[in-house]
Amino acid sequence: PLYLRLKEDKSKAEPRLEFMGKFWKQIKRRACWQIILYGMVSHITFGVSNAAKMPANYVWLNLHTFQHQVMIIFEKFVFFVGLNLVRKYALNVSWRKQVLYGSCLVLMFSSMYFIIIFDIWRNAWFYIFTDVSALFMYTLNFLASHAAMVEVAEPGYEAITYSMITTATNAVSPLSAVISYQLLAFFPTLNEQESIATDTPQVRRDFACLHFLVIVLNLSSLLALPLLPRQKKETRELVVKGETSTFWGAYAMGSAFIFLCYSTCVTFVTVKYHDVYGCMKILGGGGCSADESSATALLLVSAILLYCYGTNFYLSFWPILKGERRFSWGMFT
């Protein structure tokens, strides 16, 4: 009903080619493609998770469906509370600091899972508490990348710029899933729920190593912080400088397009043909059979990690090695 009462003055539509041309001109600006690349690189590495955790929760913690649903509800509530806290108290706090402190907080809670791994205290509600607390970081990262977008978008291009950055950051989720499951290839004892249920010292050691590796990968996402402007003022300064690059604009758009195509294919195939192809390793599954080769999936993982660390190294640290910039810890805050 409220939508029907909206009244807007008609304006002449801009020709499509002219509109897309101006949008492409905006994408070529460093202020835009840098934020897009930051969103994709940081979300891929921070999105890696411990794929053995879910089956372990059922056999070690006897986690019920009811408790799992309660955890999901709590996650949504924490996300809502986090948004409001940031809106009220942290709008002018450095986005880098928000991500840095939020990441460290999440990894601290994630490290508490070692208490469960080594059977110091195994309790389903303790796990739910630590896992729900981790969602707060995603709130901060979400806000940081999207708040920067507001300052980058030119008048009349807010919607398409927002859609571009949001799509690019969301499209990389399946890539994180592929990495998560392929890490299990190095720990055969964690591939089956029955094997985890044996809870032998070897299983615990492998699980601890895998969990530590995931934490290190998550922590490495902070290396991309120099790509994120600190706040609105720095974002505006980046826009005013007017640095442009056709190559990096095309690189960001091309990356986003490839990731979107892969994400769409994975979603379509795993939903429509779940029983046949949903378990394939190349699509982020655990494997359809014991004989399925991991070569293509591992090649994909190598390419993804090379993309993340290579892109970030060239943009953030290569200028330091060439003497164009000086390294300082302030790059991350």
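This one's a predicted model, so the numbers in the text were calculated from it and none came from an experiment.

Engineer: In this structure, what is going on with the nonpolar core? I would like to understand it.
Structural biologist: Within soluble globular proteins, side chains that are nonpolar tend to cluster in buried spots. In terms of nonpolar packing, the biggest core is built from 78 residues, with Ile36, Met40, Trp60 and Leu190 touching the most fellow members. Looking at this core element by element, the count peaks at 10 residues for helix α2 (residues 30-46). If we skip the residues at most four places from it in the chain, leucine 190 touches Ala52, Leu184, Ile196, Val203, Asp206, Phe207 and Leu210.

Engineer: So what exactly am I meant to see when it comes to empty space enclosed by the protein here?
Structural biologist: If a probe the size of a water molecule is rolled over the atoms, the empty space left behind becomes visible. For the coordinates displayed, the defined rule picks out one cavity of 30 Å³ or more. The volume enclosed by the largest cavity comes to roughly 40 Å³. Forming the walls of the largest cavity are Val41, Thr45, Ser220, Ser221, Leu223, Ala224, Cys308, Tyr309 and Asn312. Among the secondary structure elements, those contributing two or more residues to the lining of the largest cavity are α2 and α15 (295-321). By residue number, the principal contributor to the lining of the largest cavity is α15, which donates three residues. Of the residues that constitute the lining of the largest cavity, the class distribution is five nonpolar, four polar and no charged.

Engineer: Before we go on, may I ask you to explain the pattern of salt bridges in this structure?
Structural biologist: Any two side chains of opposite charge can pair, on the condition that their charged atoms come close. The final tally for this structure, using the stated rule, is nine salt bridges. When the shortest N-O distance is used, the salt bridge between glutamate 234 and arginine 96 registers 3.3 Å. Here glutamate 234 is found in helix α12 (residues 232-241), whereas its partner arginine 96 is found in helix α5 (residues 95-111), with 138 residues between them in sequence. Judged by relative accessible area, which is 24%, glutamate 234 ranks as partly exposed. Of the residues examined, arginine 96 reaches a relative accessible area of 5% and is grouped as buried. For arginine 204, the salt bridge is made with aspartate 119, and the minimal N-O distance between the two is 3.7 Å. With a gap of 85 residues between them, arginine 204 in helix α11 (residues 201-220) and aspartate 119 in the loop between α6 (113-117) and α7 (124-152) connect regions that are remote in the sequence.

Conventions and cut-offs
- Residues numbered from 1 in each chain as written.
- Predicted model: local features only at pLDDT ≥ 70, side-chain atom pairs only at ≥ 80, totals over all residues.
- Heavy atoms only, no water.
- Core = buried A, V, L, I, M, F, W, Y, C linked by side-chain atoms within 4.5 Å.
- Buried < 20%, exposed > 50% of the residue type's maximum accessible area, 1.4 Å probe, protein only.
- Helix = DSSP H or I, 4+ residues; strand = E, 2+ residues; numbered from the N terminus.
- Contact = heavy atoms within 4.5 Å.
- 1 Å grid on protein atoms, 1.4 Å probe; cavity = no way out; pocket = protein on both sides within 12 Å on 5 of 7 lines; lining within 4 Å.
- Points joined across faces, edges and corners; volume = space filled by probe spheres on them.
- Nonpolar A, V, L, I, M, F, W, Y, C, P; charged D, E, K, R; others polar.
- Salt bridge = Lys/Arg side-chain N within 4 Å of Asp/Glu carboxyl O.

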